[in-house]
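If you want the building blocks of each chain, they are given just below.
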Amino acid sequence: RHWLNITITFINDMMDSSPSTATNSNSSGDSIVAEGNKRVLSIQSHVVSGYVGNKAAVFPLQLLGYDVDVINSVQFSNHTGYPFGWEGKVLDGSMLGTLVDGMENNGLLSHDGGGGIGNILTGYIGSESFLRAVVSVVNKLKGYNSECRYVCDPVLGDMGKFYVPEGLVDIYKKDV
């Protein structure tokens, strides 16, 4: 439910941003996508079992007409709140940089390349190097599009327990 609420907030913010330039509509004819904001880069977790992170965010955004580019910050068996843990891998910052460089090399970050990302959505981040790389990606995308919006859900934990390395807190406070 938490991810759905974040996604709905993100969508509502995007819909309110520029209604006079909307190009797509839903079945009722209401404008839902602003021209300069039709692409989203969603950098969040992926779990095999369950619906959090990108599994919870991408489909609703696509239903509303957004073109969503997905980078999974982690690949886990299940979310990290389970009592017996999880299995999987955490993407590091250099891999995020490599993926974004590949997009940039093919003109997928700029409006000149036919695309252009108008929105960045981040959620669960599993390492300090990855979060630092996210900051670099946000700055790079804002260099291409100064109006690019960044929506950050700093998933840290629940019920007094961290799901992520505690070092992320300082990076969120200082850099994000």
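Residues numbered from 1 in each chain as written. Predicted model: local features only at pLDDT ≥ 70, side-chain atom pairs only at ≥ 80, totals over all residues. Heavy atoms only, no water.

Q: Help me get a handle on the nonpolar core, residues and values and all.
A: Burial of nonpolar side chains together is a common tendency in soluble globular proteins. Core analysis: the largest hydrophobic core is formed by 28 residues, its most contacted members being L41, I43, L96, L131, V134, V137 and L141. Where this core is concerned, the elements lending two or more residues are β3 (39-47), β4 (67-76), α3 (93-105), α4 (128-144) and α5 (168-174). Counting residues per element, this core draws most heavily on α4, at 7 residues. Those residues in contact with V137 that lie beyond four places of it in its chain are L41, I43, L96 and V100. By size, the runner-up hydrophobic cluster in this structure holds 8 residues, among which are V40, Y66, V68 and L121. (Core = buried A, V, L, I, M, F, W, Y, C linked by side-chain atoms within 4.5 Å. Buried < 20%, exposed > 50% of the residue type's maximum accessible area, 1.4 Å probe, protein only. Helix = DSSP H or I, 4+ residues; strand = E, 2+ residues; numbered from the N terminus. Contact = heavy atoms within 4.5 Å.)

Q: Any chance you could break down the sheet that holds β3 for me, citing the residues and the numbers?
A: Across the sheet, which stays open at both edges, the 5 strands sit in the order β5-β4-β3-β6-β7 with mixed pairing between neighbours. Each edge of the open sheet is held by one strand with a lone partner, namely β5 (88-90) and β7 (149-152). Shown here is a sheet whose adjacent strand axes are inclined to one another by a mean of 30°, direction ignored. Bridge count between strand β6 (residues 119-122) and β7: 4 bridges; the pairing is parallel. Bridge pairing links N119 to R149 in β7. Across the sheet, α3 touches β3 and β4, and the angle it forms with β4 is around 160°. (Pairing = 2+ DSSP bridges. Axes fitted to C-alpha atoms, helices over the stretch in contact; angles between N-to-C directions.)

Q: Describe the packing of aromatic side chains, listing the residues and the values that go with them.
A: The final tally for this structure, using the stated rule, is 2 aromatic pairs. Here the aromatic rings of F76 and Y124 are separated by 6.0 Å at their centres, their planes lie at 75°, and the arrangement is edge-to-face. Of this pair, F76 sits in strand β4 while Y124 sits in the loop between β6 and α4, and the two are 48 residues apart along the sequence. Grouping aromatic residues by their ring pairs yields a cluster made of F76, W86 and Y124. We note K55 situated over the ring of Y51; from NZ or CZ to the ring centre the distance is 4.7 Å. (Phe/Tyr/Trp six-rings, centres within 6.5 Å; stacked < 30°, edge-to-face > 60°. Lys NZ or Arg CZ within 6 Å of the ring centre and 35° of its normal.)

Q: Just give me the short version of α4, but keep the residues and values in it.
A: Three or four residues apart is the spacing at which side chains of an α-helix point the same way, because the helix has 3.6 residues per turn. For α4, with 17 residues, the first-to-last C-alpha span of 25 Å sits near the 24 Å given by 1.5 Å per residue. Along α4, the residues classified as buried are F130, L131, A133, V134, V135, V137, V138 and L141. The secondary structure elements touched by the buried residues of α4 are β3, β4, α3, β6, β7 and α5. (Expected span 1.5 Å × (residues − 1).)

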